[in-house]
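Here are the chains, one letter per residue:
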Amino acid sequence: METAVLIVVAGLFAVVSGVNDGGALLATGLKLTTVRPATGILTLVVLVALVPLVTQHVARTFVTRLATFDEPGGKVAMTIAVISSLAVVAWLGAIGRPTSLTLAIVGGLTGAGLGWGLPVSAGQVGLVLAFGLAAPVVGGLVAWVLIRVLVVMTTARGLPRWHWAGFLLQSLAYAANDGQKMLAVFMITFGFSEAPLTYTSLVAVLFGIGTLYGLPKAGRTLSREIIVSRPAHGVAAELAAGTAVIGCAAAGMPVSMTQAVAGGLIGAGVAQGSGRVRWYAAVKIVTAWLLTLPASALLGCGLALLVHGFVIMELT
């Protein structure tokens, strides 16, 4: 029974990841027609399916390094973690505070693990948080440099090539890092340590379905609300976010692509005058990030304590 429930939850999580993340990945380049939405979604789906066949380093961080979910009750705790993260993201979205699903699942996994009594590594959690905080800052700094280079060295005709390069780098980084949170849930569900193509493809298709639905809203948030953007800003943000996130993937540290992209857009905007940045929107997003992890952890811990206590009562 618990496996069946987790299968449904895992599928839902992949779709919501597409809604939350997929649109954001395409949003930064919407002012250029180089990468059409259909082409972009197909590229993302293919990379999310294939890249984990090469590296599943970040997925294993979710599965074994934050908390150990292969112990008795681990599947129930994982289900609680995913439900908690989805609930927090839905709540923040409902009050107009778009946030990071990666932060939510890290909080949910940590809280549910503690509540269920599973081994939780405080050191790994702290390390993941440190990388998570660094990613948007690095993305912003890299974009601050890149926008100057792009403006000086790139003509209007040359920008589409950089857009393709930035989009591919960003998509590759997502598949190697942030996107593996979806795979991690399936790895716990079916109990494998190396996910085969069948499951990575299933994750990718569900992600693609969510992206189709989430593109309009996510695109509006990142491409219009944060800065008064021009095409070069989006390209700089793509290159910067891809660089920051793929670097974290090499270390096995899960970070949020949407955070890195937002940092890149802000960095590119500041480089050409801070007045381009809509600071009220930036503060709104950062506030949501700060709320996401502790809220998910508290909810996950509370639900895990409740369910675990009920199970103990049934057994006694």
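Criteria and thresholds
- Residues numbered from 1 in each chain as written.
- Predicted model: local features only at pLDDT ≥ 70, side-chain atom pairs only at ≥ 80, totals over all residues.
- Heavy atoms only, no water.
- Salt bridge = Lys/Arg side-chain N within 4 Å of Asp/Glu carboxyl O.
- Helix = DSSP H or I, 4+ residues; strand = E, 2+ residues; numbered from the N terminus.
- Buried < 20%, exposed > 50% of the residue type's maximum accessible area, 1.4 Å probe, protein only.
- Phe/Tyr/Trp six-rings, centres within 6.5 Å; stacked < 30°, edge-to-face > 60°.
- Lys NZ or Arg CZ within 6 Å of the ring centre and 35° of its normal.

*Asks:* Hey, could you run me through the pattern of salt bridges in this one?
*Replies:* All chains considered together, the criterion is met by three salt bridges. Its salt-bridge partner being Lys181, residue Asp21 comes within 2.6 Å of it at the nearest N-O pair. With a gap of 160 residues between them, Asp21 in helix α1 (residues 2–27) and Lys181 in helix α8 (residues 180–190) connect regions that are remote in the sequence. For the pair shown, Asp21 and Lys181 are each scored as buried. As a salt-bridge pair, Arg60 and Glu194 come within 3.0 Å of each other at their nearest N and O atoms. Here Glu194 lies in the loop between α8 and α9 (197–225) and Arg60 lies in helix α3 (residues 57–65), a separation of 134 residues in the sequence. On the basis of relative accessible area, Arg60 is assigned to the partly exposed category, the value being 27%. Overlapping salt bridges bring together Asp21, Asp178 and Lys181 as one network.

*Asks:* Even after reading the chapter, I still don't get the packing of aromatic side chains, so can you show me in this structure?
*Replies:* The relative placement of two aromatic rings is captured by the distance of their centres and the angle of their planes. Counted under the stated rule, the structure contains six aromatic pairs. Measuring from centroid to centroid gives 6.3 Å for Phe186 and Phe190, while their planes differ by 20 degrees, and the two rings are stacked. Note that Phe186 and Phe190 are positioned in helix α8 at a spacing of four residues, about one turn of the helix. Judged by relative accessible area, which is 2%, Phe186 ranks as buried. Ring plane angle 45 degrees and centroid distance 5.0 Å describe the contact between Phe192 and Tyr199, whose orientation is recorded as tilted. Judged by its relative accessible area of 16%, Phe192 is buried. An aromatic cluster of at least three residues, connected via ring pairs, comprises Phe186, Phe190, Phe192 and Tyr199. A cation over a ring is seen here: Arg148 above Trp144, with NZ or CZ 4.1 Å from the ring centre.

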